[in-house]
Structures are given as structure tokens and as C-alpha cells.
Amino acid sequence: MNIEKTLETLCALPAVSGGEKAAHETVIKLLSEYTDNVKTDDFGNIIGFIGDESKPVLLLDAHIDRIGMIVTYIDDDGFVKVGKMGIDMRTLLAQNVTIYGREKVKGVISTLPPHVAEDKDKAPKLEDIAIDVGMNKEQAEKVISLGDLVVLEGFFSKLAGSRVCTPASDDRAGVASILYALDLLKDEKNLPFRLAVQFSAQEEVGCRGAKASAFNVAPDYAIAFDVSFGASKGVSSEESGKLGKGPMIGISPALNREISEKLIRIAKEKEIPYQTEVMNGRTGTNADEIALTRGGVKTGLISIPQRYMHTPCEVLDLEDIKHTGQLLAEYIKCGSEDK
């Protein structure tokens, strides 16, 4: 599997929270290379099963939704008002966007020229944000409806070495990591787990999809995959991971300590680069909801360090995706942490 090509394909998909079906065809095709037992649910989750039904179930989760906006109003001048879903308000002004209405509509976030703007140093308020689509109200209402989803446009670009810049790597990088692990395991004939691969919906609006899907899967164990803060200017080294230094293995009261310790042990034994991410409570990921499913699920968390989260120019290192997939593959081959 070509990690770079797969990530680029994934990050090009719109699929804002609540509109994950826009990614279904592509993601199902990618997952179907490793199993013909793939289905979707009414929530927008994609679930694939691999292995013997008699084996303990290991749930692998990464969310397929991305941050975006939703149309709330079209004013008398044709400007489109929006609500945000995970967007960092500091990044919005003058951004190119696409509204997924009756047809795709290109637009730009309106902004005052710096020569006349008063509060130049402050992030805009949501009520001050509007999209200029170059139409009057009547024209806009023919192709745009309230509730349509909006994507901030960006493009996939290579930086130095193995680093890339792209929108939506939160959490398409997690999806790519799981797919890479499955590719490494494709010739394994007798896995110790039955794998339930869950590409979940609506993480960015409250981890809703993972909660619903995990209840139906009822796994014995689970590992969630997401991104976390990558070291950069202004980010504390105590609260971030270094790009290119491997996956961040979560340690938290919300996570199962046995899984965390086993992941660390395997990384050491197999000489896979890794980092630890210590949290004092909730993780802010799908792991929190999965762990509380039914009577409780032993859950781990692996994160990929990423700079500039929730912007159109998220930066990460492809080697971290590779090593995350390698670590997952080795964990799966080892079987239950109870052994």
C-alpha cells in the first residue's frame, strides 16, 4: 500500500460531520481490499469484519468525518451565514470554501481589507462570518439550502522529507494507519482476534458515531486512532509529540493500562519508534465513548502527531503513519493482552 497516495485520496474527500456518506464509496473500496464483509449503518459509520467469529473481537476505530460548517441563513444580499463544526475561527478569513448544495458552489469567506478593519488582531466572531458566493439572494436560494455542509478548501502538498501538508488529515491519517496495518497482515491466515474495523462518523461534533457503532459491535477490546498535538512554535513540548518520532501511545485513567503497556512493550521489542502521551482524564477522542460502551471495553489510544490541527494546512509526517500501522499489526499478531 502506498501511504502517501492513500492519504491524499482520503484527504480529498469532503465528508463533513453529518455528511460522511460523501466518503463512503471511496473508503468502502479501500477497506474491501482486505475483507468482503463491509457494511454501513444509518449513522454513517463504516464497519468491516475480518477473521474467525469465535475469536475475541478487537475494535479498531478512526473517524472519517472532518471539520467544516453548516449553512444557517442566506441574507438579503446573497451572503451565506454558517455555523461552525470544529473550525478554528482564527483561520477563516479570506479562505476558499465549497458549499455542497444542490450543486457544488464555490465561495470565499468575506473579510474587510486590513486598511479599514478595526479589530485587526482579534479572531472574528461567528456572527460576523459570511460566505460570498457571487450571487444575489434569489440566485443563491436556487442552489443552496439551509443545512447544506461547507468545506474549507486546501490542497495536498509535499514538504521536505516525508512531511506533508493537507486538510482533513484529522483523522484520515488514522484511517490510513489502520489500512496500512491490514495490508501488513493480509497474508496472515490465523489472526488471534476477530477484527472489527470501524471508520466512524460525527467525531468532531461529540464522538457520536463511535458510541453508536461500538454498542452494536460489542467488542472485547478496542484501540482508537486519532491525531494529537505536534510540536511547533508556541506549543509546549510537555503537551505535544515530535513529528517523525513515531506514534503517541496514550496513557490515561480513561484508557486501559494493560493495553498501553503492551503497546509500549511491543514498540520496544520490535524497535518501532514511539512516544507517550499522558493525559489526566478524558482523551477527547472516540476512545472515551468506546471505553464506556455497554458494561465497559478495555480501550487503548494511539495518536499521530500533527501540527496546525483544525486548519486547512495540517502538517504531519508519513513515517508516523507507517510506524503506527506497524505497531498495530504487531499488536494484533500478539493476541490478547490477557495472554
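Counting restarts for each chain: residues are numbered from 1 in the order of the written sequence. Two thresholds apply to this predicted model, a pLDDT of at least 70 for residue-level local features and 80 or more for giving and counting side-chain atom pairs, whereas whole-chain, interface and lining totals are computed over all residues. Remark: hydrogens and water are excluded; side-chain values derive from all non-hydrogen atoms of the structure.

S.K.: Can you explain the overall build of the protein chain? Please cite residues and give values.
M.R.: In terms of helices and strands, the protein chain carries eight helices and 17 strands. Radius of gyration: C-alpha atoms only; globule rule: 2.2 Å multiplied by the number of residues to the exponent 0.38. Computed over its C-alpha atoms, the radius of gyration of the protein chain comes to 21 Å, within 12% of the 20 Å expected for a compact globule of 339 residues. Exposure categories follow from relative accessible area, calculated using a 1.4 Å probe and restricted to protein chains: below 20% of the type maximum is buried, above 50% is exposed, and the middle band is partly exposed. Relative to its full complement of 339 residues, the protein chain shows a buried share of 56%. Any two residues whose heavy atoms approach within 4.5 Å at even a single point are treated as in contact. Here the analysis covers contacts within the protein chain between residues at least 6 apart in sequence; of these, 76% occur between residues at least 24 apart. For the protein chain, the computed accessible surface area is about 15600 Å², with 47% contributed by carbon and sulfur atoms. Think of it this way: any DSSP run of H or I at least four residues long counts as a helix, any run of E at least two long counts as a strand, and we number them from the N terminus. Each accessible area is a Shrake-Rupley estimate made with a 1.4 Å probe; only the visible protein chains count as cover when residues are assessed.

S.K.: Provide a residue-level description of the environment of Pro247, including the pertinent values.
M.R.: Within the element layout of this structure, Pro247 appears in the loop between strand S13 (221-229) and strand S14 (248-251). Looking at Pro247, the relative accessible area reads 0%, which means it is buried. Along the chain, Pro247 and Thr324 lie 77 residues apart, while their C-alpha atoms are 5.4 Å from each other. Setting aside residues no more than four positions away along its own chain, Pro247 makes contact with Pro273, Tyr274, Gln275, Ile302, Ser303, Asp320, His323, Thr324 and Leu327.

S.K.: Describe the sheet that holds strand S17 (residues 314-317), and please don't skip the residues or the numbers.
M.R.: DSSP bridges decide pairing: two strands pair if at least two such bridges lie between them. Ordered in space as S10-S11-S17, the three strands form an open sheet in which the pairing is antiparallel. Two strands lie at the open edges of the sheet, namely strand S10 (157-158) and S17, each paired on one side alone. Taken together, the two bridges between S10 and strand S11 (residues 163-166) define a ladder with antiparallel strand orientation. Residue Lys158 lies in a different strand from S11, and its bridge partner there is Val164.

S.K.: Give me empty space enclosed by the protein: which residues, what numbers.
M.R.: Put plainly, a pocket is an open set of points on a 1 Å grid over the protein atoms alone with protein on both sides within 12 Å along at least five of seven lines, a cavity is a set where a 1.4 Å probe fits but cannot get out, and a lining residue has an atom within 4 Å of a point. Grid points are joined across faces, edges and corners, and a volume is the space filled by probe spheres set on the points. Summed over all chains, the structure comprises one cavity of 30 Å³ or more. Taken as a whole, the largest cavity spans an internal volume of roughly 100 Å³. Lining the largest cavity are Arg66, Ile67, Leu152, Pro167, Ala168, Asp170, Glu204, His310, Thr311, Pro312 and Glu314. Residues are grouped as follows: Ala, Val, Leu, Ile, Met, Phe, Trp, Tyr, Cys and Pro are nonpolar; Asp, Glu, Lys and Arg are charged; every other residue, Gly included, is polar. Its residues assigned to classes, the lining of the largest cavity comprises five nonpolar, two polar and four charged.

S.K.: Tell me about the state of the cysteines, residues and numbers included.
M.R.: Our working definition of a disulfide is a cysteine sulfur pair at a distance within 2.5 Å. Applying the stated criterion to the full structure yields zero disulfides. We note that Cys11 lacks a disulfide partner, and the nearest cysteine sulfur, in Cys165, lies 10 Å from it. Residue classification places Cys11 among the buried positions, given a relative accessible area of 4%. Looking at Cys207, it has no disulfide partner, and the nearest cysteine sulfur is the one in Cys11, 19 Å off.

S.K.: Mind laying out the pairing of S17, listing which residues take part and the relevant values?
M.R.: Here S17 shows two buried faces, one formed by Glu314 and Leu316 and the other by Val315 and Asp317. As paired elements, S11 and S17 share four bridges and run antiparallel to each other. Within S17, the position partnered with Cys165 by the bridge is Val315.

S.K.: Outline the pattern of salt bridges, supporting the account with residue identities and numerical values.
M.R.: Salt bridges, as used here, are contacts in which a Lys or Arg side-chain nitrogen is within 4 Å of a carboxyl oxygen on Asp or Glu. On inspection of all chains with the given rule, the structure shows eleven salt bridges. Note that Glu153 is salt-bridged to Lys106, the shortest N-O span being 3.7 Å. Of this pair, Glu153 sits in the loop between strand S9 (149-152) and S10 while Lys106 sits in strand S7 (residues 104-109), and the two are 47 residues apart along the sequence. Residue Glu153 is classed as partly exposed on the basis of its relative accessible area, which comes to 27%. Close ionic contact of Lys137 with Glu141 constitutes a salt bridge, the shortest N to O distance being 3.2 Å. One end of the pair, Lys137, and the other, Glu141, are both in helix H3 (residues 137-143), four residues apart, so they sit about a helical turn from each other. On the basis of relative accessibility, which here comes to 23%, the residue Lys137 falls in the partly exposed class. In this structure Glu141 comes out as partly exposed when scored by relative accessible area, which is 40%.

S.K.: Go over the layout of surface pockets, please, and point to the residues and values.
M.R.: Computed from the structure, the largest pocket encloses a volume of approximately 660 Å³. Surrounding the largest pocket, 32 residues form its lining, Ser228, Phe229, Glu239, Glu277 and Met309 being those nearest its centre. Only S13, strand S15 (275-278) and strand S16 (298-306) provide two or more residues apiece to the lining of the largest pocket. Split by residue class, the lining of the largest pocket holds nine nonpolar, 14 polar and nine charged.

S.K.: Provide a residue-level description of unusual backbone geometry, including the pertinent values.
M.R.: The omega torsion of the bond from Asp170 to Asp171 falls at 5°, within 30 degrees of zero and hence cis. By the element assignment, Asp171 lies in helix H4 (residues 169-184). Here the phi dihedral of Ala218 falls at roughly 50°; this positive angle occurs in a residue that is not glycine. With respect to the helices, strands and loops of the structure, Ala218 is situated in the loop between helix H5 (208-217) and S13. Unlike most non-glycine residues, His310 shows phi in positive territory, near 65°.

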